[in-house]
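# Structure assessment
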Amino acid sequence: MNNNYRIKRALALLLLLTSTAPLAQPLQIPVLYLHWQPPVVAVMSNTLPPPADEGLRGAELGISDNNTTGRFLLHNYSLEAQRSEDSAALLQRALDWVAGGNGLIIANLPAATLSRLAQHPQIAGRAIIFNAGSSANQLRTSDCRSGLLHTLPSRAMLTDALTQFLVRKRWNRWLHISGPRPEDQLYSQSLRRSAQRFGATIIDSKTWSFSTDLRRMAQQEIPAFTRAKDHHVVVVADELGDFGEYLPYNTWLPRPVAGTQGLVPSGWHHSIEQWGASQLQRRFSEHAGRWMNDKDYAAWLAVRVIGEAVTRSGSDSAATVYAYLLGEQFQIAAFKGRKLSFRDWNGQLRQPIALVQPNALVSQSPQEGFLHPLTELDTLGYDRPESSCDFATTLPPLQAAAPLQTRANLSTLNPREDLK
Amino acid sequence: MIRALLLAISATCSAAALADLAYISNEKDNTLSVLDLDTFEVTATIEVGARPRGIVFNRDYSKLYICASDSDSVQILDVKSGQVIADLPSGEDPEQFALHPNDRHLYIANEDDAVVTVVDTREKSVIAQIDVGVEPEGMAVSPDGRWVVNTSETTNMLHWIDASNHQLIDNTLVGQRPRHVEFSKDGSLLWASSEIGGTVAVIRTDQRKIIQQIDFKIAGVHRDKIQPVGIKLSDDGRYAFVALGPANHVAVVNAQTYAVEKYLLVGRRVWHLGFSADQSLLLTSNGVSGDVSIIDTNKLKVLKTVRVGRYPWGIAVKPL
């Protein structure tokens with residue numbers, strides 16, 4: 001029975017395509033997805049590593065969603081993906097892509113690589129790059145690039161979201177614990193900024209630098225390490241999950257843990273089911289055979305944002321899409337209970353942030369009572385007056401094509417200098 | 001004595017004959033609540049399949065069709081006995097549906113499959129499946145039976161299906177996350193709500209183009225919380241009632257001028273609406289607060305709020 005219907009449906013669709021638009025040429029919308037594969041870092045808690053295809057699977061699902069819509073408009077979306085440990089190779093791929101006349105790139109890249117990509121003279125002004133991989137604050141404050149949009153939340157959005165929740169519960173006195181890695185320092189900076197912004201106090205700050213195997217020793221080591229003046233909550237900055245997983249229940253005082261472990265702020269989580277999200281979660285897990293994480297969601301969202309702009313503007317040119325996305329009329333529904341739009345001063349997609357524990361959604365920020373003259377969503381992350389961006393909401397007119405940079409000019413990149 | 005007699009009569013007639021009865025589907029209780037529209041009391045609770053959402057009566061009100069979403073079926077309730085007597089094939093995850101004026105063809109939105117399934121209720125068989133956009137949701141059939149319209153929540157379109165041959169003929173792009181569509185009594189206009197867009201579009205059926213977009217504004221409620229879902233149009237052409245979701249209000253729209261005349265405060269997360277038989281009452285299903293608000297449509301006042309099951313969703317009214 002089912003096959004029969006599939007065939008009938010296919011025929012019906014064919015009829016529809018041929019009958020409603022016999023002369024129109026299908027619009028092709030190719031999208032490039034770049035993924036820098038970080039070198040494997042040994043962490044003490046050998047918990048689940050992030051999936052190797054995180055992000056990519058979200059982009060694929062976005063393409064499939066867009067094509068379901070696109071078949072009614074003769075819009076055909078396609079994805080080309082490249083994953084590499086070599087930043088230079090990824091940059092070269094982007095250059096080739098833009099030189100070939102394409103303008104849509106989704107990047108799951110570290111901040112430094114992304115910044116170079118966005119300001120490369122062959123790319124700046126000719127392509128839109130959707131950052132679905134880096135939460136670096138500097139890309140939203142001092143190092144903005146016209147043409148670079150962010151669907152992944154910044155660290156500041158995450159720590160602001162968490163801090164609003166903690167402050168609302170009057171958990172204002174924090175014991176802060178940071179890992180030694182550069183990304184932990186950045187997360188810690190972001191926590192300190194949020195604390196100051198919303199009126200929390202860090203009563204003590206400690207850096208975890210032990211090499212003890214906590215899988216066996218947490219119960220002995222952590223209580224001693226977390227002895228401090230009284231506090232309401234332990235906030236932790238351990239992005240790779242080296243030691244933070246062992247903090248909950250082992251602290252000297254019986255206090256909740258929040259930050260990169262414990263109660264975690266995130267752009268997406270498998271426990272989100274409100275606002276129709278269970279439909280997206282089901283589609284994703286059927287497609288990928290695993291749960292959707294924040295990088296998957298950011299990549300899915302980037303593709304959906306492209307789809308929305310192409311559907312509404314009827315054009316796939318980077319300049320039109322970019323102008324539409326940063327214009328007043330743009331809005332997108334994305335299973336977060338309210339419409340999302342881009343900040344037109346730094347290209348960040350404003351969005352609610354989930355606060356989750358391993359298997360449940362605890363809350364969603366912005367919290368009630370945190371007000372903003374424009375939208376409460378702008379209480380999360382750097383607001384317009386706080387950013388020193390030189391960010392244009394239109395792409396400059398196309399310059400005459402210049403010869404491509406050679407590979408040699410790009411290979412000077414050192415991936416280790418990249419901060420995620 | 002007379003009172004006792006009346007009571008005895010009403011008891012023997014079970015909950016049926018003395019008033020309009022509103023059937024409310026309770027999404028998280030797997031039940032229907034039966035609400036007496038004379039006494040405003042719940043007179044019965046009926047166990048049905050998993051996650052009941054859309055519900056609709058057949059023409060003579062002898063059967064109630066129920067989308068049991070998580071049971072992946074449309075159930076048929078025998079209204080007289082209050083028993084589920086059959087399951088119809090429905091495709092996966094049926095959420096909303098509409099019954100054709102021929103009283104026979106049921107058009108079902110299958111949210112997970114991006115299709116609309118057409119079921120012959122007499123033969124209990126699927127007679128067609130039509131590809132639509134991502135997450136099909138709202139369904140309506142024009143009063144003349146010519147058009148079937150489906151909304152797709154992520155594609156943001158209304159899909160126009162020719163009921164005579166089940167071909168998709170046209171698509172109308174609307175605001176973000178279209179949830180519900182409702183034809184005017186004469187079928188010339190179609191009203192469509194966009195939940196995340198926060199708007200209602202009025203569309204001319206003959207052109208399939210938007211002629212009016214309605215915005216809502218409630219003092220003290222953030223505009224992002226104004227999320228229109230259910231729509232009901234009064235037969236006299238005077239009003240459109242729009243349920244505004246987490247804004248906890250129903251908007252009363254002048255159906256001639258499209259001006260919003262009033263906002264009525266109801267329960268929390270108001271989802272769908274249903275009229276009493278003479279349209280003097282309008283019921284609202286309030287999901288989060290688990291109750292139904294009853295509105296007097298002449299005075300435009302909320303009369304009472306009645307507790308039903310958990311997450312009331314759909315409303316269908318059986319006349320006296």
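Residues numbered from 1 in each chain as written. Chains lettered and ligands numbered in written order. Predicted model: local features only at pLDDT ≥ 70, side-chain atom pairs only at ≥ 80, totals over all residues. Heavy atoms only, no water.

### Focus on the interface of chain A and chain B
Size of an interface: often given as the accessible area lost when the parts come together. Applicable threshold: Whether two residues are in contact is decided by their heavy atoms: any pair within 4.5 Å suffices. Accessible area, probed at 1.4 Å, shrinks when two parts are joined; the buried area is that loss added up over both. The salt bridge criterion pairs a side-chain nitrogen of Lys or Arg with a carboxyl oxygen of Asp or Glu, the two atoms within 4 Å. Segments assigned H or I by DSSP are reported as helices when at least four residues long, segments assigned E as strands when at least two residues long, and all are numbered from the N terminus. Under the scheme applied here, ten amino acids are nonpolar (Ala, Val, Leu, Ile, Met, Phe, Trp, Tyr, Cys and Pro), four are charged (Asp, Glu, Lys and Arg), and all others, including Gly, are polar.
Taken together, the contact between chain A and chain B spans 33 residues of the former and 38 residues of the latter. Approximately 3000 Å² of surface area, both sides summed, lies buried where chain A meets chain B, with 45% of it carried by carbon and sulfur atoms. Between chain A and chain B we count five salt bridges in total. Contributing elements (two or more residues each) for the side of chain A that touches chain B: α1 (2-20), α2 (56-70), α8 (277-288) and α9 (294-313) of chain A. In terms of residue class, the side of chain A that touches chain B is made up of eleven nonpolar, ten polar and twelve charged.

### Some words on the sheet that holds strand β10 (residues 264-266) of chain A
In sheet architecture, strand pairing relies on hydrogen bonds along the backbone and comes in two forms, parallel and antiparallel. Residues and elements named next belong to chain A. Short version of the rule: Here a strand pair is declared whenever DSSP counts at least two bridges between the two strands. Angles here are taken between N-to-C directions and fall from 0 to 180 degrees, while the axes themselves are lines fitted to C-alpha atoms, restricted in helices to the stretch in contact.
Read across the open sheet, the three strands follow the order β10-β13-β14; overall the sheet is antiparallel. Single-partner strands in this sheet number two, and they are β10 and β14 (360-365). In this sheet, neighbouring strand axes are inclined to one another by 35° on average, regardless of whether the strands run parallel or antiparallel. Relative to strand β13 (residues 353-357), β10 runs antiparallel, the two being bridged by three bridges. Bridging across to β13, proline 265 finds its partner in leucine 355. Running at roughly 65° to β13, helix α5 (residues 155-168) makes contact with β10, β13 and β14 of the sheet.

### Quick notes on the pattern of salt bridges
Our working rule: Any residue under 20% of the maximum accessible area for its type is buried, any over 50% is exposed, and the rest in between are partly exposed; the area is computed with a 1.4 Å probe on protein chains only.
One pass over the structure, following the stated rule, counts 41 salt bridges over all chains. Note that A:Glu54 is salt-bridged to A:Lys295, the shortest N-O span being 3.8 Å. Linking A:Glu54 in the loop between β1 (27-36) and α2 with A:Lys295 in helix α9, this pair joins segments that are 241 residues apart in sequence. The pair A:Glu54 / A:Lys295 is uniform in exposure class, with both members buried. Linking B:Glu27 and B:Arg51 is a salt bridge whose minimum nitrogen-to-oxygen distance equals 2.8 Å. With a gap of 24 residues between them, B:Glu27 in the loop between β1 (21-26) and β2 (31-36) and B:Arg51 in the loop between β3 (41-47) and β4 (52-57) connect regions that are remote in the sequence.

### Structural notes on the packing of aromatic side chains
Operational definition: Note on aromatic pairs: the rings of Phe, Tyr and Trp (six-membered ring only in Trp) are paired at centre separations within 6.5 Å, and the planes decide the class, stacked below 30 degrees, edge-to-face beyond 60, tilted for the rest.
The full count for this structure, using the stated rule, is 15 aromatic pairs over all chains. Plain terms: the ring middles of A:Trp300 and A:Phe335 are 5.8 Å apart, the flat faces sit at 45° to each other, and that makes the pair tilted. With a gap of 35 residues between them, A:Trp300 in helix α9 and A:Phe335 in the loop between α10 (318-326) and β11 (341-342) connect regions that are remote in the sequence. One exposure class covers both A:Trp300 and A:Phe335, and it is buried. Look at B:Trp191 and B:Tyr258: their rings are 5.7 Å apart centre to centre, the planes differ by 55°, and that puts the pair in the tilted class. You can see B:Trp191 sitting in strand β17 (residues 189-194) and its partner B:Tyr258 sitting in the loop between β22 (249-254) and β23 (260-265), a full 67 residues away along the chain. Overall, the relative accessible area of 2% leaves B:Trp191 in the buried class. Look at B:Tyr258 and you get buried, because its relative accessible area is 16%.

### Observations concerning a negative patch on the surface
What counts, and what does not: Excluding any residue in a salt bridge, patches collect residues exceeding 30% relative accessible area, merging like charges within 9 Å and nonpolar Val, Leu, Ile, Met, Phe, Trp and Tyr side chains within 5 Å. We get accessible surface area from the Shrake-Rupley algorithm with a probe of 1.4 Å; when it comes to residues, only the shown protein chains can shield them. The positive count covers Lys and Arg only, the negative count covers Asp and Glu only, and His and the chain ends enter neither. In this description, the location of a charge corresponds to atom NZ of lysine, CZ of arginine, CG of aspartate or CD of glutamate.
A contiguous patch of negative charge on the surface is contributed by A:Glu286, B:Asp70, B:Asp72 and B:Glu92. When you line up the elements, B:Asp72 lands in the loop between β5 (63-68) and β6 (73-78). Look at B:Asp72 and you get partly exposed, because its relative accessible area is 38%.

### What to know about the state of the cysteines
All names here are of chain A. As a reminder of what qualifies: The disulfide criterion used throughout: a pair of cysteine sulfur atoms within 2.5 Å.
Tallied over the entire structure, the rule returns one disulfide over all chains. Two residues share a disulfide in this structure: cysteine 144 and cysteine 389, whose sulfurs sit 1.6 Å from each other. Note that cysteine 144 is positioned in the loop between β4 (128-131) and β5 (148-150) and cysteine 389 in the loop between β14 and α11 (407-410), a separation of 245 residues in sequence. Residue class for cysteine 144 comes out buried when judged on its relative accessible area of 6%.

### Some remarks on the pairing of strand β19 (residues 209-215) of chain B
All names here are of chain B. Here strand β18 (residues 199-204) pairs with β19 via six bridges, running antiparallel. Looking across to β19, one finds that alanine 201 is bridged to glutamine 213. Counting the residues in the hairpin turn of β18 and β19 gives four residues, including arginine 208, whose phi is positive at 55°.

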